[in-house]
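One-letter residues, chain by chain:
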Amino acid sequence: MSTLIPPPAAPQPPGWRMVRLLGTVSLICGILIVGTNLATSARIRHNQEIIMRDSVAELLPGIQKQIIYGVQASGDLKILPGLEEGGQRLFAGYDGSGRLIGIVIESNARGYADLISAMYSYSPEKQAITGFKVVDMRETPGLGDRVRSDPDFLKNFDDLDVRIVDGKPVNPVKVVKHGSKKNVWEIDAISGATISSRAVGKLIGTSVQDVLPVVRKNLERIERGE
Amino acid sequence: MSTAATTVIEVRTAPHLHSGRSVDQIMRHVVYALLPMCFYSVWLFGISAAALIATTTAACVLIEHWSCRLAGRETSIGDFSVVITGMLLGLTLPPGLPLWMAVVGAFIAVAPGKMTFGGLGFNVFNPALVGRAFLQAAFPAAITTYTPAMALNRFSQFIPTSLATPFLKAAPLKDWIAQVRVDGFTGATPLMLQKFEHVTTDPWTLFIGTRAGSSGETSALLILLGGGYLIARKMMDWRIPAAMLLGALLTGGAYYLSNPVKYPSPLFVLFSGGLMLGALFMATDPVASPVTPRGMWIYGLLMGLITVLIRFEGGLPEGVMYAILLGNALSPLIDRLTQPRTYGEGKRMFAKEATTR
Amino acid sequence: MSDQVSCHTTGAPEITAEGSPFLNGLWKQNPVFVMVLGMCPTLAITNSVRNAVSMGLATTFVMVVSYGLISMIRKLIPKQVRIATYIAILAMAVTVVDFLVKAVSIPIYLALGAYIPLIVSNCLTLERAEAYAGKQPVVKSMLDGLGMGFGFTLALTMLGAVREVLGAGTFLGVHVFSKNFEPWVLFLLPPGGFISLAMWLLFFAAWRERSAKRATERVEAQTGMAGAVEARA
């Protein structure tokens, strides 16, 4: 096969032909993409809302109605019409009679492998965290990923004291060694998954420090649901 | 052809005398050097440790025999190297490890770790450590479950996890540990205590070895005696262990000087974990380590450094295993870079050759 | 092991005009086990059967749609800009799949993550466009895409099955062993992908070698007999 004669060169097509072809192909592709986007966007939004609603309902049993608030840079709240991406969101849940049951707050922190993003529910009445749910993470299967499923670990968040006085938490959330939890504001770490447990502690701790004061400040407004 | 070869007079260069030492003789002496550690481990952890070491050794030998038959070769178990692999694997595992996992580790150590490369002399990594690394990645919880030394009834009953049904989770050890309660045992090795709870164990305890840990790594004294015997009989090069321990000592010392409150003393670094066992019996694997004296020093110092870096900076309490595997991977490169200059050849030529690689 | 792999990669992708293009991709020139192409999703996404099947089907969709389009306009594409054209069409198909997966199920979308956009740079998709769809008629090209896609899906599922069964003790989320199964965590992590792929490749290599040996033995037996007959004569 290795001949020394070079193969006859294909005639160079004119430049405008190549531009025209690529242009046409891109145009058709563009139309197809936009078409699919339009056709699927309603369905995608619907899926996302279902997932969010299910997660919130799991954390706030008995919820009938929810209002989504966005936290503004100024520290004020704004009602969001839907699931806008970005920014700190609060999901206020109300029962059938319109009474506020609790508020679900999103937060994240760097775990052992990657960002852990999670939600927790806050009860303004008890001034405590009443539930915790991991939304997405990449922790080591069998060790770190127990922060999602370990029943003993999740029990920490059934009633985790996060009282706020003067815009500051009274007892900052603290992660302690497995089996040495003494106070209601401490999180009992999973043995063998200390790093992931600490990440969860940080995730809640920073959020409690930054977001809960805003919630307390606007609590009456949230209770009225406006 | 063959008749011509036999009629040629054999002419060889010096040395004409040799000690008559063959591979299997050296290997047999390594086995003798490992035996005290095995016995001590049985004394500390009881019949579970005995069963563990026996299982890994028997499994390794059988798998090598079976691999040889599968490959249509004469069996190579007679050279004793696979016995060492099996014993070392057993000595690096926690004494209460389920025996079925030990068999899995033995399979990985010998079949992919040694035989797929072509058997003794061709393996890139220390086979025992390949097996242990697999177990560490596959069963991270079981391989970090340690049991107390000198437990009650250790000669009459197994650690319950040892006899776990294959493929099933072992029952938690809480009740058993409470039953054989050894003062203040929390299920952690000295390294874990130091890393996660900032409790430093006294170096003398570490040196003698009455502590929790992998079955054979506990007693620095016996490891030094075994290694010393091999070095004295010139069956092992002293440079690699010396360099590795020195590397760990220097790195640990630097950390200690920078913050004596946070970091343990260099003596603790030296005698804790599997550093001693690794430096004397794993890093010195003649197949997977460099052969030039300069290369041995680089190799050892590097492994000591990495061990301490993993311990102090990484997420794991112990780093000897990964340090040695990394050293094994680098040793062909180290060998190439430290080739001695051939007599009469210019120095510049070597330097040029080295840089063009 | 490494010998085996390299010998596949050098020996494989010939353009076979004869034979069904569908069966060719499905088994004889299986993209993963024979050609060893598209390793990125093969290793990264196969930690469960569900992920493996979803990824395989997404790739199949991309290949069928884009090979149809490419083959349709193959005579219009100047040689100099063919790669750019293929990439534009593939990227379109991938973006469409991205939307579709999101519309079907968000959890699957989250599990596949960055690997859906990466289908466009999967060497398998571009290689078949260059080697087959750019030269063959529409129906054959689409069949080739379908065969290669299903072959890819099959291989991913086989890997996913090993990894899910050993790594989690489940198959499609259903427990295969007792609930008390001790998971081999390694198989859910990226190294588990390499190890399972190596096991499958070893299995196929051993199988091929055995059948080749049997074939030569048969031939030898026949010629041996022929030789004996001759000698007697």
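Before reading on, note that the structure itself is shown above.
What you see is a predicted model, and the numbers here were worked out from it, not measured in a lab.

K.L.:
Mind showing me how you'd approach the overall build of chain B here?
P.N.:
The helix and strand inventory of chain B stands at 16 helices and zero strands. Of all 357 residues assigned to chain B, the portion counted as buried reaches 51%. With an accessible surface of roughly 17,000 Å², chain B has 67% of that area assigned to carbon and sulfur atoms.

K.L.:
Help me understand the interface of chain C and chain A in this model?
P.N.:
By a widely used convention, the size of an interface equals the accessible area lost when the partners come together. Tallying the contact residues gives 25 residues for chain C and 22 residues for chain A. Our count for the contact surface shared by chain C and chain A stands at zero salt bridges. For the pair chain C and chain A, the number of links is three residue pairs in polar contact (both at pLDDT 80 or more). Residue assignment for the side of chain C that touches chain A shows that the elements contributing at least two residues are helix 5 (82–104) and helix 6 (106–112) of chain C. Ranked by the residues each element gives to the side of chain C that touches chain A, the list is headed by helix 5 of chain C, at twelve residues. Residue classes in the side of chain C that touches chain A are distributed as 20 nonpolar, four polar and one charged.

K.L.:
Can you help me understand the packing of aromatic side chains in this one?
P.N.:
The description of an aromatic ring pair rests on the distance of the ring centres and on the angle between the ring planes. Counted according to the given criterion, the structure contains 27 aromatic pairs over all chains. Ring centres of B:Phe167 and C:Phe177 lie 6.4 Å apart, and the angle between their planes is 5 degrees; on these two criteria the pair is classed as stacked. Highlighted residues: B:Phe167 in the loop between helix 6 (127–138) and helix 7 (174–179) and C:Phe177 in the loop between strand 2 (174–175) and helix 9 (190–232), drawn from two different chains. Taking relative accessible area as the criterion, C:Phe177 reaches 36% and is therefore assigned partly exposed. Through a chain of ring-to-ring contacts, the aromatic side chains of B:Trp100, B:Phe134, B:Phe139, B:Phe167, C:Phe177, C:Phe181, C:Trp184 and C:Phe187 assemble into a single cluster. The ring centre of A:Tyr94 lies 5.1 Å from the NZ or CZ of A:Lys65, which sits over that ring.

K.L.:
Can you walk me through empty space enclosed by the protein in this structure?
P.N.:
Over the atoms, a rolling probe the size of a water molecule traces out where space has been left empty. Residue and element names in this part refer to chain B. Within this structure, the stated rule accounts for two cavities of 30 Å³ or more. Estimates place the volume of the largest cavity at around 390 Å³. Arg132, Tyr146, Ser214, Glu217 and Glu318 are the residues nearest the centre of the largest cavity, which is lined by 28 residues in total. Those elements giving two or more residues to the lining of the largest cavity turn out to be helix 4 (81–92), helix 6, helix 8 (190–197), helix 13 (275–282) and helix 15 (320–337). A per-element tally of the lining of the largest cavity places helix 15 first, with four residues. Split into classes, the residues belonging to the lining of the largest cavity amount to 15 nonpolar, nine polar and four charged. The volume enclosed by the second largest cavity comes to roughly 40 Å³. Around the second largest cavity sit Phe45, Thr147, Pro148, Ala151, Arg154, Gln157, Ile159 and Trp176, which together line it. Residues belonging to the lining of the second largest cavity are distributed by class as follows: five nonpolar, two polar and one charged.

K.L.:
Quick question: what am I supposed to make of the pairing of strand 6 (residues 128–136) of chain A here?
P.N.:
Regular strands place their side chains on alternate faces of the sheet. Residues and elements named next belong to chain A. As paired elements, strand 5 (residues 115–123) and strand 6 share seven bridges and run antiparallel to each other. Counterpart to Tyr120 in the pairing with strand 6 is Phe132. Connecting strand 5 to the next strand, strand 6, in antiparallel fashion are four residues, including Gln127 with a positive phi near 55 degrees. By the bridge criterion, two bridges tie strand 6 to strand 7 (residues 160–161) in an arrangement that is antiparallel. Of the residues in strand 7, the one forming a bridge with Ala128 is Asp161.

K.L.:
Explain helix 8 of chain B to me, please; I cannot follow it from the model alone.
P.N.:
At 3.6 residues per turn, the α-helix brings residues three or four places apart onto the same side. Residues and elements named next belong to chain B. Of all eight residues making up helix 8, six are buried, and the element is well covered by its neighbours. When helix 8 is considered as a whole, its buried residues turn out to be Pro190, Leu191, Met192, Leu193, Gln194 and Lys195. Buried-residue contacts for helix 8 involve helix 9 (203–208), helix 12 (266–271) and helix 14 (293–313). Positive phi appears at His198, one or two residues downstream of helix 8, with a value of about 55 degrees.

K.L.:
Can you help me understand the environment of A:Gly102 in this one?
P.N.:
Residues and elements named next belong to chain A. Among the secondary structure elements, Gly102 is positioned in strand 4 (residues 100–110). Given a relative accessible area of 0%, Gly102 falls into the buried group. Counting along the chain gives 41 residues from Gly102 to Pro61, while the straight-line C-alpha distance between them is 9.6 Å. Look past the residues within four positions of Gly102 in its chain and what remains in contact with it is Leu60, Phe91, Ala92, Gly93, Tyr122 and Pro124.

K.L.:
What should I look at first to understand the packing of helix 4 of chain B against helix 6 of chain B in this one?
P.N.:
Packed helices, taken two at a time, are described by their axes: the angle between them and the distance between them. Residue and element names in this part refer to chain B. Closest axis-to-axis distance for the helix 4/helix 6 pair is 8 Å, and the angle between their directions is 40 degrees. On the basis of their axis angle, the class for helix 4 and helix 6 is oblique. Relative to helix 6, helix 4 is oriented so that their crossing is right-handed. Contacts from Thr85, Leu88, Leu89 and Thr92 of helix 4 reach helix 6 at Pro127, Ala128, Gly131 and Arg132.

K.L.:
Looking at this model, I keep getting lost on the interface of chain C and chain B. Mind explaining?
P.N.:
Between chain C and chain B, the residue contacts involve ten residues of the former and twelve residues of the latter. Both faces considered, chain C and chain B share a buried interface measuring about 1,100 Å² in area, 72% of it formed by carbon and sulfur atoms. By the criterion of area lost to chain B, the three top residues of chain C are C:Glu182, C:Trp184 and C:Leu186, representing 55% of everything that side buries. Inspection of the chain C/chain B interface yields zero salt bridges. At the junction of chain C with chain B, the criterion picks out five residue pairs in polar contact (both at pLDDT 80 or more).

K.L.:
Sorry, what's going on with the pairing of strand 5 of chain A here?
P.N.:
Residue and element names in this part refer to chain A. The element strand 5 is largely enclosed, with a buried count of seven among its nine residues. In this sheet, strand 5 lies alongside strand 4 in antiparallel orientation, the contact comprising eight bridges. Note that in strand 5 the partner of Ala109 across the bridge is Ile116. Hairpin geometry of strand 4 and strand 5 is characterised by an intervening segment of four residues between the two adjacent antiparallel strands.

K.L.:
What should I look at first to understand unusual backbone geometry in this one?
P.N.:
Leaving glycine aside, a negative phi is the common case for residues, and trans is the common case for peptide bonds. In the Ramachandran plot, A:Gln127 falls in the positive-phi region, its phi being about 55 degrees despite a non-glycine side chain. In this structure, A:Gln127 sits in the loop between strand 5 and strand 6. A positive phi angle is found at B:Lys234, which is not glycine, with a value near 55 degrees. Residue placement: B:Lys234 occurs in the loop between helix 10 (220–232) and helix 11 (239–258).

K.L.:
Where do I start with the sheet that holds strand 1 (residues 65–71) of chain A in this structure?
P.N.:
Think of a sheet as strands paired side by side through backbone hydrogen bonds, with each pair either parallel or antiparallel. Residues and elements named next belong to chain A. Read from one edge to the other, the open sheet built from seven strands follows the order 2-1-3-4-5-6-7, with strand pairing classed as antiparallel. The open sheet has two edge strands with one neighbour each: strand 2 (77–79) and strand 7. Contacts between helix 1 (residues 15–59) and the sheet are confined to strand 1, strand 3 (89–94), strand 4, strand 5 and strand 6, with strand 5 contributing the most and set at about 50 degrees to the helix. Strand contacts of helix 4 (residues 194–210): strand 4, strand 5, strand 6 and strand 7, with the helix running at about 125 degrees to strand 4, the strand carrying the most contacts.

K.L.:
Help me understand the side chain of B:Thr251 in this model?
P.N.:
Residues and elements named next belong to chain B. Relative to the assigned elements, Thr251 resides in helix 11. A relative accessible area of 11% places Thr251 in the buried class. Ignoring any residue separated from it by four or fewer positions in sequence, one finds Thr251 in contact with Gly304, Leu305 and Val308.

About the cut-offs
Residues numbered from 1 in each chain as written. Chains lettered and ligands numbered in written order. Predicted model: local features only at pLDDT ≥ 70, side-chain atom pairs only at ≥ 80, totals over all residues. Heavy atoms only, no water. Helix = DSSP H or I, 4+ residues; strand = E, 2+ residues; numbered from the N terminus. Buried < 20%, exposed > 50% of the residue type's maximum accessible area, 1.4 Å probe, protein only. Areas by Shrake-Rupley, 256 points an atom, 1.4 Å probe, with all protein chains shown as cover. Contact = heavy atoms within 4.5 Å. Salt bridge = Lys/Arg side-chain N within 4 Å of Asp/Glu carboxyl O. Polar contact = N/O pair within 3.5 Å; in protein donor to acceptor, adjacent residues only side chain to side chain. Nonpolar A, V, L, I, M, F, W, Y, C, P; charged D, E, K, R; others polar. Phe/Tyr/Trp six-rings, centres within 6.5 Å; stacked < 30°, edge-to-face > 60°. Lys NZ or Arg CZ within 6 Å of the ring centre and 35° of its normal. 1 Å grid on protein atoms, 1.4 Å probe; cavity = no way out; pocket = protein on both sides within 12 Å on 5 of 7 lines; lining within 4 Å. Points joined across faces, edges and corners; volume = space filled by probe spheres on them. Pairing = 2+ DSSP bridges. Axes fitted to C-alpha atoms, helices over the stretch in contact; angles between N-to-C directions. Parallel < 35°, antiparallel > 145°, perpendicular 65-115°, else oblique. Left-handed = near helix turned anticlockwise from the far one by under 90°. Buried area = accessible area lost by both parts, 1.4 Å probe.

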